[in-house]
Amino acid sequence: MKYIVKVNKERCKGCKLCIEVCPQGIFKISNKFNKIGYHYIEIIDGKNCIGCKRCVIICPDVSIELYKKEEEKMKLKIGVIPDCFRLPIKDGIKKAAELGLDGIQPYATTGELDPKNLSKTGRDDFKHFVKSLNLEISAIVGDFGGHGFADPKTVEWRIERTKEVIDLAFDLGVKIVTTHIGVVPEDENDIAWKTMEQSLPEVGTYAYNKGIVLATETGPEPAIILKKLLDKLNNPGLKVNYDPANLVMVSGDDPVKGVYTLANYIVHTHAKDGIKLPDENGKKRWKELPLGQGNVNWPEYLKAMKEIGYNGFFTIEREVGEKPELDIIHARDFLRGLEKEIWIK
Ligand code: SF4
Ligand code: SF4
C-alpha cells in the first residue's frame with residue numbers, strides 16, 4: 001500500500017461523488033448516520049488506492065485526506081486545547097476526535113482534571129478514555145495564572161501545586177506540563193528574576209526526575225530574554241511551549257527569529273494568531289484573531305520549526321471569539337493546507 005486514504009466521517013455529507021470518480025472502487029456509503037444526519041462514506045479497502053487524487057479534488061466538503069505512506073509519518077501533528085470548545089471537558093475531547101485532530105492539551109488546574117479531584121482510578125479511566133478516541137495527550141496545562149514563579153508571596157504554593165500537576169502527568173503518561181513562569185525581567189537583580197532563579201530549579205528537577213519537562217509559554221518577554229534565564233538555570237527539566245502569537249501580540253517580538261533563538265528549548269507549540277495594538281495609558285493591548293489573519297507569518301514560521309527539527313504538536317488555542325468550534329475547524333484546515341505546502345516536502 002503506497003497511499004493512505006482517510007475520510008472524516010463527521011464532515012461527509014454523503015453526496016457519493018467520491019464513489020463515482022474513484023477508479024479503484026475504494027469507497028462505499030455507510031448505512032449509519034453521522035452526527036449531522038448524513039450517511040457517510042466508508043473505505044472498503046484502501047490498499048488498492050493509486051493516489052490519483054480524484055476523490056480529494058471532487059469532495060465538496062474537504063472530507064478526504066490522501067497521503068503517501070512515507071508522508072503519513074511526517075504529518076503535522078495537530079492538537080487542540082479541548083477547553084477552548086467551552087464544553088464539559090470530555091465533550092470537548094470527543095469533539096477533538098470528531099474533527100480528526102491528533103491530540104489534546106487539557107487544563108489540569110481546575111475542575112475535573114485538577115489533580116486534587118482525580119483519584120488513581122479516575123486517572124486511569126481518563127487515560128483510557130482519551131486513548132479510545134485515538135488521541136494523544138501532547139501536554140497538560142499546569143498554569144495557575146497570576147504572576148507565575150515571579151511572585152515571592154505565592155511561589156511556595158505554586159511550587160506545590162505544580163508538583164501535583166507533574167504527578168498527574170506522570171500517571172497519565174504525559175511528558176510535558178506547560179505553564180507561564182511570569183514576565184522575565186531584563187535586570188537580573190530584579191526581585192522577579194531572583195524569585196524565578198530560586199524556585200524554578202526545584203520544579204524543573206522534580207519534573208525531570210519523573211521523565212517530564214516543565215515548558216513555559218513564550219510571549220510576555222522577547223525570546224532572547226527568556227533564553228537568557230533558561231541558559232542561566234541550565235536545568236534539563238525546564239523547556240519552552242512556543243506560542244508565536246504571544247510574541248507578536250504582547251512583546252512585539254519576531255516569532256520566526258524567536259524559533260532559532262529558543263531552538264534548543266522548544267518541546268511544544270501553540271497554533272494561535274493575533275496582532276499587537278498601540279499601548280494605552282502604558283498598558284499593552286492586543287487582539288487575538290483566527291489563524292492566518294494575524295501577524296504571524298505562518299509559512300515562514302513553519303519553515304523555521306521544520307529547520308530546527310521540531311517534530312511535536314501544533315496545538316490550536318482559541319481564547320476569544322463567538323464560535324470557537326468554527327475557528328478551530330478553520331485553524332485545522334489552515335494548518336493542513338500548509339502541511340502539504342511546507343511541512344511534507
Ligand atoms: S486517490 Fe484515486 S484511487 Fe485513491 S481513493 Fe481517491 S479516487 Fe480512489
Ligand atoms: S465526496 Fe466527500 S462529501 Fe461526498 S460522499 Fe465523498 S467524502 Fe462524503
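What counts as what
- Residues numbered from 1 in each chain as written.
- Chains lettered and ligands numbered in written order.
- Predicted model: local features only at pLDDT ≥ 70, side-chain atom pairs only at ≥ 80, totals over all residues.
- Buried ≥ 20, exposed ≤ 12 C-beta atoms within 10 Å, placed from the backbone.
- Helix = DSSP H or I, 4+ residues; strand = E, 2+ residues; numbered from the N terminus.
- Arc of directions from axis to C-beta.
- Contact = placed C-beta atoms within 7 Å.
- Near = placed C-beta within 6 Å.
- Nonpolar A, V, L, I, M, F, W, Y, C, P; charged D, E, K, R; others polar.
- Domains from an automatic or database assignment.
- Core = buried A, V, L, I, M, F, W, Y, C linked by C-beta atoms within 7 Å.
- Pairing = 2+ DSSP bridges.
- Axes fitted to C-alpha atoms, helices over the stretch in contact; angles between N-to-C directions.

Chemist: I'd like a description of helix α8 (residues 223-233), backed by residues and values.
Modeler: Here α8 has its buried residues at Ala 223, Leu 226 and Leu 230. Each buried residue of α8 lies within a common arc of 65 degrees when the element is viewed along its axis, so the set occupies one face. Among the exposed residues of α8, those pointing more than 90 degrees away from its buried face are Asp 231 and Lys 232. Structurally, α8 contributes buried residues whose contacts are with β11 (238-242), α9 (244-251) and α10 (255-261).

Chemist: Before we move on, can you summarise the site of ligand 2 with the specific residues and values?
Modeler: Near ligand 2 there are 14 residues, and of these Cys 12, Cys 15, Cys 18, Cys 59 and Ser 63 occur at the shortest range. Partitioned by chemical class, the residues of the shell around ligand 2 number nine nonpolar, two polar and three charged.

Chemist: Could you give an account of the site of ligand 1, naming the residues involved and the relevant values?
Modeler: If you check the shell around ligand 1, you find 14 residues, and the closest are Cys 22, Ile 26, Cys 49, Cys 52 and Cys 55. Of the residues belonging to the shell around ligand 1, the class tally is ten nonpolar, two polar and two charged.

Chemist: Any chance you could break down the domain arrangement of the chain for me, citing the residues and the numbers?
Modeler: Here the chain is partitioned into domain 1 (3-71) and domain 2 (74-343). The C-alpha-based centres of domain 1 and domain 2 are spaced at 34 Å. In this complex, domain 1 contributes six residues to the contact, which on the side of domain 2 involves five residues. Of the residues that constitute the side of domain 1 that touches domain 2, the class distribution is two nonpolar, one polar and three charged.

Chemist: So, α9: which residues are in play, and what are the values?
Modeler: Within α9, eight of the eight residues are buried, which leaves it mostly tucked inside the rest of the structure. Downstream of α9 by a residue or two, Gly 252 has a phi angle that is positive, lying close to 70 degrees.

Chemist: How would you explain the nonpolar core if you had to name every residue and give the values?
Modeler: Val 80, Ile 140, Ala 169, Val 177 and Leu 262 are the most contacted members of the largest nonpolar core, which totals 70 residues. Those residues in contact with Val 80 that sit more than four places away from it in its chain are Ala 96, Leu 101, Ile 104, Thr 315, Ile 316 and Ile 328. Among the nonpolar cores identified, the runner-up in size contains 13 residues, and Cys 12, Ile 41, Cys 59 and Ile 64 belong to it.

Chemist: Residues and numbers for the sheet that holds strand β6 (residues 103-104), please.
Modeler: The strand order β7-β6-β5-β15-β12-β11-β10-β9-β8 describes an open sheet built from nine strands, whose pairing is parallel. Each end of this open sheet is capped by a strand with a single partner; those strands are β7 (136-137) and β8 (140-141). In the sheet, strand β5 (residues 77-80) pairs with β6 via two bridges, with the strands oriented parallel. Its bridge partner lying in β6, Val 80 is registered against Ile 104. Its contacts with the sheet place helix α7 (residues 191-208) against β9 (176-179), β10 (213-217) and β11, and it is angled at close to 130 degrees to β10.

Chemist: A description of the pairing of strand β3 (residues 39-43) should follow, citing residues and the corresponding values.
Modeler: Within a regular strand, side chains alternate between the sheet's two faces. Alignment of strand β2 (residues 27-33) against β3, held across four bridges, turns out to be antiparallel. Counterpart to Lys 28 in the pairing with β3 is Glu 42. Two successive antiparallel strands, β2 and β3, enclose a turn made up of five residues, where Gly 37 displays a positive phi of approximately 90 degrees.

Chemist: Lay out the pairing of strand β13 (residues 273-280) with the relevant residues and their values.
Modeler: Alignment of β13 against strand β14 (residues 283-289), held across six bridges, turns out to be antiparallel. Bridging from a neighbouring strand, Ile 275 pairs with Lys 287 of β14. Linking two consecutive strands that pair antiparallel, namely β13 and β14, is a turn of two residues; a positive phi of about 50 degrees is found at Asn 281 within it.

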